[in-house]
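Spelled out, the chains give:
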Amino acid sequence: MTPFIPAFRPRAALALIVVVSLITTSTILQTGAARGDETAASQPATRPTNGIDRVTPIAWAAAQGDTDKVKSLLDHGASLADQSFANRMTLLAAAASDGHADTVVLLLKKGLNPNIPDRTGSTALFFAVFSDSQDTVNILLEAGANPNAPNIQGDTSLHAAALTGDLAIIKALIAYG
């Protein structure tokens with residue numbers, strides 16, 4: 001009998017990171033982000049004691065695709081200077097990883113660079129390809145995302161698209177790169 005080997009699911013991995021981070025962070029995420037509190041908006045959550053990196057309210061809102069909350073937090077002084085979600089991926093990648101096109105547009109308008117890689121060298125476009133969101137991929141490409149940017153393993157967004165088998169995304173990446 002052949003053993004069951006589960007396939008890698010990027011969205012599931014992101015969800016696991018989010019859940020673990022939320023369980024261990026302070027109530028700033030729950031109360032500050034919900035209220036649009038100026039103090040909570042600009043400060044990271046308390047660093048957990050188990051070594052998991054912090055998640056700011058704006059990072060959480062971006063990962064959830066809550067465009068209104070991201071806008072509200074920015075209006076109340078949240079900073080995009082860090083540009084990271086729990087020191088794992090950029091805010092733009094966090095929004096793109098689940099195809100949150102409206103949030104991606106807002107973050108791009110606020111000046112986030114679509115070519116800033118995360119700690120693995122992957123860009124927002126790489127994550128958008130795995131989200132199967134043609135709109136998000138097109139938005140990033142039109143904003144200047146480099147479809148040929150390799151991550152630290154040498155994989156590009158086109159490699160990711162080949163894995164998903166989405167022909168429309170493959171064609172868009174080839175057209176831009």
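Conventions used here
- Residues numbered from 1 in each chain as written.
- Predicted model: local features only at pLDDT ≥ 70, side-chain atom pairs only at ≥ 80, totals over all residues.
- Heavy atoms only, no water.
- Core = buried A, V, L, I, M, F, W, Y, C linked by side-chain atoms within 4.5 Å.
- Buried < 20%, exposed > 50% of the residue type's maximum accessible area, 1.4 Å probe, protein only.
- Helix = DSSP H or I, 4+ residues; strand = E, 2+ residues; numbered from the N terminus.
- Lys, Arg positive; Asp, Glu negative; His and termini not counted.
- Salt bridge = Lys/Arg side-chain N within 4 Å of Asp/Glu carboxyl O.
- Polar contact = N/O pair within 3.5 Å; in protein donor to acceptor, adjacent residues only side chain to side chain.
- Contact = heavy atoms within 4.5 Å.
- Axes fitted to C-alpha atoms, helices over the stretch in contact; angles between N-to-C directions.
- Parallel < 35°, antiparallel > 145°, perpendicular 65-115°, else oblique.
- Left-handed = near helix turned anticlockwise from the far one by under 90°.

**Considerations on the nonpolar core**
Formed by 41 residues in total, the largest nonpolar core has its most connected members in I58, V70, L92, L107, V137, L140 and L173. Of all the secondary structure elements, the ones that give two or more residues to this core are helix 4 (57-64), helix 5 (67-75), helix 6 (91-96), helix 7 (101-109), helix 8 (124-130), helix 9 (134-142), helix 10 (157-164) and helix 11 (167-176).

**Looking at the side chain of D118**
Checked against the element boundaries, D118 lands in the loop between helix 7 and helix 8. Although buried, D118 forms no salt bridge, and the nearest oppositely charged side chain, R119, lies 6.7 Å from it. Of the polar contacts made by the side chain of D118, one reaches the side chain of T120; its length is 2.7 Å. With sequence-adjacent residues up to four places away left out, D118 is seen in contact with R88, M89, T90 and F127.

**Comments concerning unusual backbone geometry**
For residues besides glycine, phi is generally negative; the peptide bonds are generally trans as well. Positive phi is not limited to glycine here, since D132 has a value of about 60°. If you trace the backbone, D132 turns up in the loop between helix 8 and helix 9.

**So, the packing of helix 7 against helix 9**
Where helix 7 meets helix 9, the closest approach of the two axes is 9 Å, and the angle between their N-to-C directions is 15°. The angle between helix 7 and helix 9 falls in the class roughly parallel. As helix 7 packs across helix 9, the resulting crossing turns out to be right-handed. Counted together, A101, V104, V105 and L108 of helix 7 and D135, T136, I139 and L140 of helix 9 form the full contact between these two elements.

Such coordinate-based values are descriptive only and should not be taken to indicate function.
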